[in-house]
Amino acid sequence: MFNQRIDTAPVLEAFAAGGECPLCALRDQTEAGYLDQFLGGSVMEPAMRVLVNEKGFCARHFSRLYAANNHLGVALMAHTHLKDTITALEKRWTQPRKGGLFPTRRRQEPGLPAKTCALCDRLDATMDRYVKTTVWLWKNDARFRERFNGSLGLCVAHAEAVIAASDGAMREAMVKLELDNLRRVEKELEWFTLKFDYRNHDKPWGESKDALPRAIQKLAGVNPQGKGD
Ligand SMILES: [Zn+2]
Ligand SMILES: [Zn+2]
């Protein structure tokens, strides 16, 4: 049985706020909190330091950390990770090649640049928990279930995560909810494109004025207008 001690409040709040994907909003909020933590004192805790040394950050998160203007904090993390990276690279580049001209591809070793990210790992693990929390709430909280079933659905990636984590009636409800809402956004986006036709110039926008950013949110899990980023 799913661990009931898990914090349901963030999921309840995200779905109460609505939007094209409450789980994207929750991810953005969680990511912002983790960026603050990595920039703050907690990065000096031994467990965190070992993780950062080994994994480093992906391009997106290094850029976000750099933009936050705590250059000393980021430099300390980058420096220790760079030292670990040099050690790993030296080992990899000076080992004799095996397998002749076309060696079998070696498994990615930890510490090599841009392949791993301490922040992505944490964020993915937390979002995995929030997806499970969403499924647990749907099964155990009638008010949440009602709100969820009346919502605008999720982005495609989060819908797939929820569908993969659920079964039976919930899976059925989620599939219907998501397809209905993808079709809704598709129609709104179509009207958005038709509004560019001069013959439709004076016709009402309906819900279509911001159909493009909402369609991108559904497809790519990101609000291109930058809200929450
Ligand atoms: Zn999403
Ligand atoms: Zn990352």
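Here, every reference points to the structure presented above.
As a starting point, this report considers the structure included with it. (Residues numbered from 1 in each chain as written. Chains lettered and ligands numbered in written order. Predicted model: local features only at pLDDT ≥ 70, side-chain atom pairs only at ≥ 80, totals over all residues. Heavy atoms only, no water.)

## Looking at the coordination of the zinc ion (ligand 1)
- Bound to the zinc ion (ligand 1) on the protein side are Cys21 (SG), Cys24 (SG), Cys155 (SG) and His158 (ND1), at distances that span 2.0 to 2.3 Å.
- Given four donor atoms and angles of 101 to 116 degrees at the metal, the environment of the zinc ion (ligand 1) is assigned as tetrahedral.
- Mapping the donors of the zinc ion (ligand 1) onto the primary sequence gives the spacing C-x2-C-x130-C-x2-H. With cysteine 24 in helix α2 (residues 22–39) and cysteine 155 in the loop between α7 (142–149) and α8 (156–165), this pair connects stretches of sequence that are 131 residues apart. (Donors = N, O, S within 2.8 Å, 3.2 Å for Na, K, Ca; no water. Tetrahedral: all angles 85-135°; square planar, octahedral: opposite > 155°, others 65-115°. Helix = DSSP H or I, 4+ residues; strand = E, 2+ residues; numbered from the N terminus.)

## Things to note about the coordination of the zinc ion (ligand 2)
- The protein atoms that coordinate the zinc ion (ligand 2) are Cys58 (SG), His61 (ND1), Cys117 (SG) and Cys120 (SG), at distances of 2.0 to 2.3 Å.
- Coordination at the zinc ion (ligand 2) is tetrahedral, judged from the four donor atoms that bind it and the angles of 104 to 114 degrees they form at the metal.
- Summarised as a motif, the one-chain spacing of the donors to the zinc ion (ligand 2) is C-x2-H-x55-C-x2-C. Taken as a pair, histidine 61 in helix α4 (residues 59–67) and cysteine 117 in the loop between α5 (71–94) and α6 (118–140) lie far apart in primary sequence, 56 residues in all.
- Take histidine 61: its relative accessible area is 2%, and that puts it in the buried class. (Buried < 20%, exposed > 50% of the residue type's maximum accessible area, 1.4 Å probe, protein only.)

## Some words on the packing of aromatic side chains
- Counted according to the given criterion, the structure contains seven aromatic pairs.
- An angle of 40 degrees between the planes, with centres 5.4 Å apart, marks the rings of phenylalanine 15 and phenylalanine 148 as tilted. Of the two residues, phenylalanine 15 sits in helix α1 (residues 9–17) while phenylalanine 148 sits in helix α7, which places them 133 residues apart along the sequence. In terms of burial, phenylalanine 15 and phenylalanine 148 fall into one category: buried.
- Between phenylalanine 57 and phenylalanine 62 the ring centres are 5.3 Å apart and the planes differ by 75 degrees, which places this aromatic pair in the edge-to-face class.
- Note on phenylalanine 62: relative accessible area 27%, which makes it partly exposed.
- Members of the aromatic cluster, each reached through a chain of ring pairs, are Phe15, Phe144 and Phe148.
- Sitting over the ring of tryptophan 205, lysine 195 keeps its end group 5.1 Å from the ring centre. (Phe/Tyr/Trp six-rings, centres within 6.5 Å; stacked < 30°, edge-to-face > 60°. Lys NZ or Arg CZ within 6 Å of the ring centre and 35° of its normal.)

## Describing the pattern of salt bridges
- Per the stated rule, a full pass over the model turns up 16 salt bridges.
- Between aspartate 121 and lysine 55 there is a salt bridge whose closest N-O contact spans 2.7 Å. Of this pair, aspartate 121 sits in helix α6 while lysine 55 sits in helix α3 (residues 46–55), and the two are 66 residues apart along the sequence.
- You can call aspartate 121 partly exposed: its relative accessible area is 33%.
- A relative accessible area of 21% means that lysine 55 is categorised as partly exposed. (Salt bridge = Lys/Arg side-chain N within 4 Å of Asp/Glu carboxyl O.)

## Considering the nonpolar core
- One finds Leu23, Phe148, Leu154 and Val162 to be the most contacted residues of the largest nonpolar core, which totals 24 residues.
- Among the elements that line this core, the one with the most residues is α6, at seven residues.
- Beyond its immediate stretch of four places on either side in the chain, phenylalanine 148 contacts Phe15, Thr134, Trp138, Met170, Met174 and Leu177.
- In this structure, Tyr34, Phe57, Cys58 and Leu119 belong to the second largest nonpolar core, which totals 15 residues. (Core = buried A, V, L, I, M, F, W, Y, C linked by side-chain atoms within 4.5 Å. Contact = heavy atoms within 4.5 Å.)

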